[in-house]
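# Summary of the model geometry
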There are 2 protein chains.
Amino acid sequence: EEAKQATSNMSDPYCNDPRRHAALKPASVKPFNAELPPSLLVESFLTPNELFYVRNHLPVPEVDVSAYELEIEAEGTKKTVILTYEELKKFPKHTVTATIMCAGNRRSEMTKVKTVKGLDWGAAAIGNATWSGARLRDVLRLAGIDEDSKEFNHVQFEGLDMDPTGKPYGASIPFWKAVDKRGDVILAYEMNGQPIPRDHGYPIRAIVPGIVGARNVKWLGKIVVSKEESDSHWQQNDYKGFSPSTDWDTVDFTKSPAIQELPVISAICKPSPGQTVTVVDNHILVQGYAWSGGGQKIVRVDVTIDGGNSWHVATFDHQDETPSPQHWAWTLWSARIPIPKGSKNIEIWAKAVDSSYNTQPESFKNIWNLRGVLSNAYHRVPAELKWKR
Amino acid sequence: EEAKQATSNMSDPYCNDPRRHAALKPASVKPFNAELPPSLLVESFLTPNELFYVRNHLPVPEVDVSAYELEIEAEGTKKTVILTYEELKKFPKHTVTATIMCAGNRRSEMTKVKTVKGLDWGAAAIGNATWSGARLRDVLRLAGIDEDSKEFNHVQFEGLDMDPTGKPYGASIPFWKAVDKRGDVILAYEMNGQPIPRDHGYPIRAIVPGIVGARNVKWLGKIVVSKEESDSHWQQNDYKGFSPSTDWDTVDFTKSPAIQELPVISAICKPSPGQTVTVVDNHILVQGYAWSGGGQKIVRVDVTIDGGNSWHVATFDHQDETPSPQHWAWTLWSARIPIPKGSKNIEIWAKAVDSSYNTQPESFKNIWNLRGVLSNAYHRVPAELKWKR
Ligand SMILES: [Mo]
Ligand SMILES: [Mo]
């Protein structure tokens, strides 16, 4: 079947994409974008590599690691440094546990208010992994870049993935984040202790903890330290937030900043929407995740089944110990919610609070935006109850 | 009148408090706590010293600057360093423009949902000033404290203000914030170019930009670098957030973190609630402030008069240029809102979005907490319209 696909699609730029796990539900096939059923997502604190959501913008490049070269350029200077895969591995190895989330996670809920443009992600365009590699700040220092320089404002990344015209995927992050000793930005070659899989950036991916997935550039080919942001489509004309009253006729992409740190979010993963849930000892079990960008830690998750008249504080089943502002990993939580006798249908809501005491907005109406990003309103999941007797 | 007050209150610990500007509306007199009418607040980007909100927990101490000593202790060592006022002024002078806000700002709106405990602050327990002083990181370095030390987690501050038993006001901030090169924490001796007024901490106040007012300790007398947080009442059993369902019977103050960075907030300052507003050319003018803790910049303020069916993006009248995560000052904004013909009564709502794309919660019901802190739901101001003809 693999052979057949290859021969029948020789002119298809996606024909060399890797095989994917059957549990991943595609939001699009070319490019490949897929997520897990949410109920599987909360099975493990570290998302297994083969089950990690995939968000590709272009075909997956085939990289020969023995020929791999990372180019590092400081704009305005003649300095260019080239590092091979083996050279990158010689830097001190730094490991972080970091959640990566797509800016469009939970878009399918926002689009119910009014149509938005983008992949129809459910609540599982997010995953958590340990990533190991060279610290970007170490690499930039070797390339002669002073972390206190006022010459630079941004660090641009280019992928080895290209559109039909040969233009690569690109994004940038703020210079301060790249060089900050607490920023934990790495050029990763391992994901959960394995070489990074092709779908996740083999051989090298920029891991920028606390920052939107779109800046965690896969198949990293080039780094440019610059005064300016990346001029790529994805930095300039996509992945930005707007007012609910901004439409495609009035939008001006220069008016909003590129998304970097993501706001606080949570989701209910069990039960799934519309699922029948068994009431045991007058309680049901609700499970989910919560996360915040910028290294903020989740400090509380509240759950209600009566529209906010009573809130139940969730228990954290797994949260790593790192304090903010370097808390990069999600929190898995659960709550045993008491059910009033005789209830048949409920709607479960969850909201999280982070270490800056930021919390989620209540509804999508007032955060709606034309690209359907930053979709972090309260998660509301209807469930049908079955009483155990 | 001043003399009379002094003689009649010789045993009153508050009898030596300074005189205050008549525009400050007290929320309490002993200790003195007061704010401006919101309409005056947005008159200037830098709040004049005499109009800056006052939040005192105890009597204002009288400090003889020639005898002033700041004690700096590294816990677990024998090291203690003493610095005089003149010695503090010899460090490189660092100036930051930073907004300081009380955790209880806008409490009076939250308490309408259900009674909370605390001073009944309106929307003006906030102010913006330039502060100059010695960088705390420079002072700690001189005191022999290594910024990369893993021995310390917190920096505790003690005020020279004391309760009747002689216990000082106290608070602490995270060690990383104290030493971070982008943290901008200073031991300030100037406020808007003048010696810090007595009500604001003369002669030395810890200015901790992006962090709740309660940790910006006035009349600073002692610094302790420690593994532990301050054990003061205000750090341990106050200034913490809780779930809306937590009441005074169930609250456990050990379960929530001390407030440090504040979440995104905004307020409408003109018109004031219930004010009659003149409609000119079918528009009204709305003005206010927006701010976010942690060095996040305000990226958008949205205003609606139809319950969110249409949102108007406000203009920034004054925002300083510093990028996040060192954007410490508030943003003053205004919006000219079109009014449908014949409207007589409206409710104006405002909400802000910060550079992490965090936004405000919609209503107080779901963020209610027993101390009435973190009261950052949408500001909703009713106004009566008068049509100019
Ligand atoms: Mo994304
Ligand atoms: Mo405060």
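Attention in this report is confined to the structure presented alongside it. (Residues numbered from 1 in each chain as written. Chains lettered and ligands numbered in written order. Predicted model: local features only at pLDDT ≥ 70, side-chain atom pairs only at ≥ 80, totals over all residues. Heavy atoms only, no water.)

### What to know about the pairing of strand β16 (residues 283-291) of chain B
All names here are of chain B.
- With respect to burial, β16 is a largely interior element, seven of its nine residues being buried.
- Sheet topology note: the strand β14 (residues 265-270)/β16 ladder contains five bridges and is antiparallel. Paired with Ser-266 across the strands is Ala-290, a residue of β16.
- With eight bridges connecting them, β16 and strand β20 (residues 331-338) associate as antiparallel partners. When the sheet's bridge partners are listed, Ala-290 is paired in β20 with Thr-331. (Buried < 20%, exposed > 50% of the residue type's maximum accessible area, 1.4 Å probe, protein only. Helix = DSSP H or I, 4+ residues; strand = E, 2+ residues; numbered from the N terminus. Pairing = 2+ DSSP bridges.)

### Here we look at the sheet that holds strand β22 (residues 379-387) of chain B
Residues and elements named next belong to chain B.
- Strands sit in the order β15-β22-β21-β17-β18 across an open sheet of five strands; the sheet is mixed. Looking at strand neighbours, the two that pair on one side only are β15 (276-279) and β18 (312-313), the edges of this open sheet.
- Sheet analysis places β15 next to β22, joined by four bridges and oriented parallel. If you follow Thr-276 over to β22, its bridge partner there is Glu-384.

### What to know about the packing of aromatic side chains
Residue and element names in this part refer to chain A.
- Counting across every chain of the model gives 20 aromatic pairs over all chains.
- The interplanar angle of 90° and the centroid separation of 6.1 Å between the aromatic rings of Tyr-53 and Trp-121 together place this pair among those described as edge-to-face. Pair noted here: Tyr-53 is in the loop between α2 (38-41) and β3 (54-55) and Trp-121 is in the loop between α4 (107-110) and β7 (126-135), with a separation of 68 residues, a long-range link. Across the pair, Trp-121 and Tyr-53 agree in class, each one buried.
- Ring-pair connections join several aromatic residues into one group, and the members of that group are Phe-52, Tyr-53, Trp-121 and Trp-131.
- We note Lys-114 situated over the ring of Trp-368; from NZ or CZ to the ring centre the distance is 4.2 Å.
- A cation sits over an aromatic face here: Lys-351 above Trp-311, 4.6 Å from the ring centre. (Phe/Tyr/Trp six-rings, centres within 6.5 Å; stacked < 30°, edge-to-face > 60°. Lys NZ or Arg CZ within 6 Å of the ring centre and 35° of its normal.)

Distances and angles like these do not, on their own, reveal function.
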